[in-house]
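# Per-entry structural report
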Amino acid sequence: QVQLVESGGGLVQPGGSLRVSCVVSGSACRINAMGWYRQAPGKQRELVASITAGGSTNYADFVKGRFTISRDNAKNTVYLQMNSLKPEDTAVYYCNTGRSAQALGIMSGRYWGQGTQVTVSS
């Protein structure tokens, strides 16, 4: 089974920056699309950003211009650089994989890791 281990979350002030990481094992990270998701208390999990095997990226409107997704295939790791953080960015952040960027939008039938908590507060 695929293993997804998120890390790097923490407490940051509004306007600050944070980078979260996702180490993937048991998965062909080099050829699969990868995505970052987040879930705030009482809300649905939502797709934040995606990156294809070829390096094409896509972002949700609410993070566009502030967040950057990237991958290091040699380390089997996907990153999400978060800048200009807002309190509404507070959530548990998860990563996941799919055969294509389109597949990342399907939430059902996925294995989820523990995620990493990001809290934006003064």
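A few points on the structure. (Residues numbered from 1 in each chain as written. Predicted model: local features only at pLDDT ≥ 70, side-chain atom pairs only at ≥ 80, totals over all residues. Heavy atoms only, no water.)

The next thing to look at is the sheet that holds strand 7 (residues 67-72). Pairing is antiparallel across the open sheet formed by four strands, whose spatial order is 1-3-8-7. Lying at the two open borders of the sheet, with one neighbouring strand each, are strand 1 (3-7) and strand 7. Averaged over all neighbouring strand pairs, the angle between strand axes comes to 15°, with direction disregarded. Taken together, the six bridges between strand 7 and strand 8 (residues 77-82) define a ladder with antiparallel strand orientation. By the bridge assignment, Thr68 is partnered in strand 8 with Gln81. (Pairing = 2+ DSSP bridges. Helix = DSSP H or I, 4+ residues; strand = E, 2+ residues; numbered from the N terminus. Axes fitted to C-alpha atoms, helices over the stretch in contact; angles between N-to-C directions.)

Going through the model one piece at a time under the given rule, you end up with four salt bridges. One salt bridge connects Glu46 with Arg38, and the closest N-O pair in it is separated by 3.0 Å. The buried category is assigned to Arg38, whose relative accessible area is 6%. Ionic pairing is found between Asp61 and Lys64, a salt bridge with its closest N-O pair at 3.3 Å. What makes Asp61 exposed here is its relative accessible area of 66%. (Salt bridge = Lys/Arg side-chain N within 4 Å of Asp/Glu carboxyl O. Buried < 20%, exposed > 50% of the residue type's maximum accessible area, 1.4 Å probe, protein only.)

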